[in-house]
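# Observations on the three-dimensional arrangement
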Amino acid sequence: MATSIFDNKAIMPDDSMVETAIAETIPLWNNLKKHVAENYSGIISEWKMYTKKSGWSLVFRKAKRTLFYFVPCEKHFIIAFVLGEKAVKTAMESSISNKARKEIADADFCAMGYSFFVYVKNDSDLEDVKILLKIKEEAA
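A brief report on the enclosed structure follows. If you're wondering where the values come from, they're calculated on a predicted model, not measured in any experiment.

### What about the packing of aromatic side chains?
- Overall, the coordinates contain eleven aromatic pairs when judged by the stated rule.
- Ring centres 5.7 Å apart and planes at 65° place the aromatic pair W29 and F77 in the edge-to-face group. One end of the pair, W29, is in helix α2 (residues 26-39); the other, F77, is in strand β4 (residues 76-83), and 48 residues separate them in sequence. Here the two residues W29 and F77 agree in accessibility, since each one is buried.
- Arranged with centres 6.3 Å apart and planes meeting at 50°, the rings of F68 and F81 form a pair that is tilted.

Next comes the structure, spelled out in structure tokens:
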């Protein structure tokens, strides 16, 4: 099963498909989109499907730098981050939840940094995403 609920390469998700899939977490997603639009300039997003295993994700970039990946799932969504060592240290010293700290502590290291997910199911999860996004942006 793919990480994303959308795993058919021939069908790129649209807003109505996302709304149906993530169900009651759509207000959280709309809140995050609004937050990004109001607080970060020059952000573009585009749907990408890298592999069948990962499925479709919406990639948010500023210039050539990826900020995060939005991964729609059944009744929730995931925000995937890749943070460098400095940003990880800052995140671990921030006010993020213990749940988010554990995700970072367990993160896999890849060529670009530490890769981890924040599973967004409630307001607290969304706050973690906002804090991590700010850290990512400031680490540039």
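Moving on, there is more to tell.
### Topic: the layout of surface pockets
- Estimates place the volume of the largest pocket at around 410 Å³.
- As for the largest pocket, its lining consists of 15 residues, of which S54, Y69, A80, S115 and F117 are closest to the centre.
- Put simply, the parts of the chain that give the lining of the largest pocket at least two residues each are β3 (65-73), β4 and β6 (113-120).
- Among the elements that take part in the lining of the largest pocket, β6 stands out by supplying three residues, more than any other.
- Taken together, the residues of the lining of the largest pocket sort by class into eight nonpolar, five polar and two charged.

### A word on the side chain of K136
- Examined against the element boundaries, K136 turns out to sit in helix α5 (residues 123-138).
- Buried charged residue K136 carries no salt bridge. Nearest counter-charge: E137, at 8.8 Å.
- Those residues in contact with K136 that lie beyond four places of it in its chain are R65, T66, L67, V82 and L83.

### What about the pairing of strand β1 (residues 43-49)?
- Relative to strand β2 (residues 56-62), β1 runs antiparallel, the two sharing seven bridges. Its bridge partner lying in β2, W47 is registered against L58.
- In sequence, β1 turns back onto β2 through a hairpin of six residues, with G55 there showing a positive phi of about 75°.

### Some points on the pairing of β3
- For β3, the buried fraction is high: eight of the nine residues fall into the buried class.
- Between β2 and the antiparallel strand that follows it, β3, lie two residues; A63 among them carries a positive phi value of about 60°.
- The turn linking β3 back onto β4 is made up of two residues, and K75 within it adopts a positive phi angle of 70°.

### A closer look at the pattern of salt bridges
- Taken as a whole, this structure holds nine salt bridges when the rule is applied.
- The salt bridge partner of E46 is R61, with a shortest N-O separation of 3.3 Å. Of the two residues, E46 sits in strand β1 while R61 sits in strand β2, which places them 15 residues apart along the sequence.
- Note on R61: relative accessible area 17%, which makes it buried.
- A salt bridge links E127 to K130; the shortest N-O distance between them is 3.7 Å. Taken together, the positions of E127 and K130, both in helix α5 and three residues apart, correspond to about one turn of that helix.
- One continuous salt-bridge network, built from bridges that share partners, spans E46, K48 and R61.

Reading the values: the criteria
- Residues numbered from 1 in each chain as written.
- Predicted model: local features only at pLDDT ≥ 70, side-chain atom pairs only at ≥ 80, totals over all residues.
- Heavy atoms only, no water.
- Phe/Tyr/Trp six-rings, centres within 6.5 Å; stacked < 30°, edge-to-face > 60°.
- Helix = DSSP H or I, 4+ residues; strand = E, 2+ residues; numbered from the N terminus.
- Buried < 20%, exposed > 50% of the residue type's maximum accessible area, 1.4 Å probe, protein only.
- 1 Å grid on protein atoms, 1.4 Å probe; cavity = no way out; pocket = protein on both sides within 12 Å on 5 of 7 lines; lining within 4 Å.
- Points joined across faces, edges and corners; volume = space filled by probe spheres on them.
- Nonpolar A, V, L, I, M, F, W, Y, C, P; charged D, E, K, R; others polar.
- Lys, Arg positive; Asp, Glu negative; His and termini not counted.
- Salt bridge = Lys/Arg side-chain N within 4 Å of Asp/Glu carboxyl O.
- Contact = heavy atoms within 4.5 Å.
- Pairing = 2+ DSSP bridges.

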